[in-house]
Amino acid sequence: VLKYPHPALRAPNEEIPLEELTGPGCEISKIAKEMFLVMYATKGVGLAAPQVGINKRLMVYNESGDSKKWMQETIMVNPKIVEFSEAKEWDEEGCLSFPEMGGDVERSKWIKVEAQNLKGKKMKKKFKGWEARIFQHEYDHLDGTVYIDRLTDQGRAEVQVTLEELISNYGDGGAL
Ligand code: CO
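Cut-off values and rules
- Residues numbered from 1 in each chain as written.
- Predicted model: local features only at pLDDT ≥ 70, side-chain atom pairs only at ≥ 80, totals over all residues.
- Heavy atoms only, no water.
- Helix = DSSP H or I, 4+ residues; strand = E, 2+ residues; numbered from the N terminus.
- Rg over C-alpha atoms; globule rule 2.2 N^0.38 Å.
- Buried < 20%, exposed > 50% of the residue type's maximum accessible area, 1.4 Å probe, protein only.
- Lys, Arg positive; Asp, Glu negative; His and termini not counted.
- Charge placed at Lys NZ, Arg CZ, Asp CG, Glu CD.
- Donors = N, O, S within 2.8 Å, 3.2 Å for Na, K, Ca; no water.
- Pairing = 2+ DSSP bridges.
- Axes fitted to C-alpha atoms, helices over the stretch in contact; angles between N-to-C directions.
- Contact = heavy atoms within 4.5 Å.

*Asks:* Can you lay out the overall build of the protein for me, pointing to particular residues and giving the numbers?
*Replies:* Per the secondary structure count, the protein includes four helices and seven strands. Mapped in sequence order, the helices and strands of the protein form the string α-α-β-β-β-β-β-β-β-α-α. In summary, the protein has a C-alpha radius of gyration of 16 Å against a globular reference of 16 Å for 176 residues, a match within 12%. Sorting the 176 residues of the protein into buried and exposed places 44% on the buried side. Once the 24 positive and 29 negative side-chain charges of the protein are each reduced to a mean point, those two points are 8 Å apart.

The following block contains the structure:
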């Protein structure tokens, strides 16, 4: 997983055309599978493609974080949040690209989303609670936004030392 401040985390992410989903090789499906492996190995609950250096609009998550509960695995291709609840709540988040730190982030309690599955089939869903939070976090990655951008000044101040360590460890090029 690429660590902050790797430039791939801030780069634009391309829509995935239907040909890439249905074409020979099923590249995207292979990438999604590998992303789950990486996610479980690093004890995450979600991962966005730019975090593994692939600047495409693809994200995976399993809110249980448990590979045995594979029924809860969700893959979203070209996801879009079409409605955010006005009601918001704060909760602590972390991110695989920011090891050993966390902070409180305000998110909408529920969201309505549109996305495609691995076959390009369109779906519409409503998520609430923990799943809505994971979705909003991963969706941010697809827009080059990371959760530290949403910390309060105080939350940011609390992680500043860790952030500076990340920058000195990984520099502008980051590392795998
Ligand atoms: Co993240």
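*Asks:* Go over the environment of Ala41 with me, naming the residues and quoting the values.
*Replies:* Structurally, Ala41 can be placed in helix α2 (residues 27-41). For the pair Ala41 and Gly65, spaced 24 residues apart in sequence, the C-alpha separation works out to 10.0 Å.

*Asks:* Help me get a handle on the coordination of the cobalt ion, residues and values and all.
*Replies:* On the protein side, the cobalt ion has Cys95 (SG), His137 (NE2) and His141 (NE2) as donor atoms, found 2.1 to 2.2 Å from it. In the primary sequence, the donor residues of the cobalt ion line up as C-x41-H-x3-H. One end of the pair, Cys95, is in strand β4 (residues 88-95); the other, His137, is in helix α3 (residues 129-142), with 42 residues separating them in the sequence. The class for His137 is buried, based on a relative accessible area of 7%.

*Asks:* Describe the environment of Gln160, listing the residues and the values that go with them.
*Replies:* The residue Gln160 is located in helix α4 (residues 153-170) in this model. Overall, the relative accessible area of 28% leaves Gln160 in the partly exposed class. Separated by 30 residues in sequence, Gln160 and Trp130 place their C-alpha atoms 26 Å apart.

*Asks:* Could you give an account of the sheet that holds strand β1 (residues 46-48), with specific residues and numbers?
*Replies:* Backbone-to-backbone hydrogen bonds pair the strands of a sheet. The strands run either parallel or antiparallel. On the basis of which strands lie adjacent, the open sheet formed by five strands has the order β1-β2-β3-β6-β7 and antiparallel pairing. Only two strands of the sheet have a single neighbouring strand rather than two, namely β1 and β7 (122-128). For this sheet the average axis-to-axis angle between neighbouring strands, irrespective of direction, equals 40°. Taken together, the five bridges between strand β2 (residues 58-62) and strand β3 (residues 73-84) define a ladder with antiparallel strand orientation. Bridge pairing in β3 places Val60 opposite Ile75. Contacting β1, β2 and β3, α2 crosses the sheet at an angle of about 40° to β2. Relative to β3, α3 is tilted by about 90°, and along the sheet it contacts β1, β2, β3, β6 (110-116) and β7.

Function-wise, these values are silent; they only describe arrangement.
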